[in-house]
Amino acid sequence: MDALAWAGLLVGGALLLWSLWSTLRANAGRRIPMLRNADIVPPGSIVTRVVGIAVFVFSALSLAGRSGLWPAVILFVGALGGALAIAWHNRRAARADRSGDAA
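What this report covers is the structure whose coordinates are included nearby. Since the model is a prediction, treat every value here as computed from it, not as a measurement.

### What about the overall build of the protein?
Now for step 1: The helix and strand tally for the protein stands at three helices and zero strands.
Now for step 2: Mapped in sequence order, the helices and strands of the protein form the string α-α-α.
Now for step 3: Dimensions of the protein, computed from the C-alpha atoms along their principal axes, are close to 55 × 25 × 20 Å.
Now for step 4: Within the protein, contacts between residues separated by at least 24 positions form 69% of all contacts whose residues are at least 6 apart in sequence.
Now for step 5: Entry remark: accessible area of the protein is about 6900 Å², with carbon and sulfur atoms responsible for 69%.
Now for step 6: The protein carries 10 positive and 4 negative side-chain charges, and their two centres are separated by 2 Å.

Pasting the structure below:
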């Protein structure tokens, strides 16, 4: 059962990464708000994000009793990684906007 939960963490993480990557590519040169959808939402990215979050969180919760703090650490690192990717993208977009380039 634990192997299935760890596989769920990998699958959910991959779905979340794909959704984030496609959103960042579709909004190159534009700032992305942290708590709202981006200006351009690629087809399928919201469904992929929702399924990825569900699989990721439920897999981590199923490991919570047996794996100590690791599921909580994985959830925290995943959320922090997404926030840092958006912040880095927004910084690049602001820098490109100031210099007149298209990121």
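### Observations regarding helix 2 (residues 45-63)
The periodicity of an α-helix, 3.6 residues per turn, causes residues three or four places apart in sequence to face the same way.
Now for step 1: The end-to-end C-alpha distance of helix 2 is 27 Å, a good match for the 27 Å that 19 residues give at a rise of 1.5 Å each.
Now for step 2: Here helix 2 has its buried residues at S45, T48, G52, F56, S59, A60 and L63. The buried side chains of helix 2 occupy one side of the element, clustering within an arc of 95 degrees when seen end-on. Away from its buried face, by an angle of more than 90 degrees, helix 2 presents the exposed residues V47, V50, F58 and L61.

Calculation rules
Residues numbered from 1 in each chain as written. Predicted model: local features only at pLDDT ≥ 70, side-chain atom pairs only at ≥ 80, totals over all residues. Heavy atoms only, no water. Helix = DSSP H or I, 4+ residues; strand = E, 2+ residues; numbered from the N terminus. Contact = heavy atoms within 4.5 Å. Areas by Shrake-Rupley, 256 points an atom, 1.4 Å probe, with all protein chains shown as cover. Lys, Arg positive; Asp, Glu negative; His and termini not counted. Charge placed at Lys NZ, Arg CZ, Asp CG, Glu CD. Expected span 1.5 Å × (residues − 1). Buried < 20%, exposed > 50% of the residue type's maximum accessible area, 1.4 Å probe, protein only. Arc of directions from axis to C-beta.

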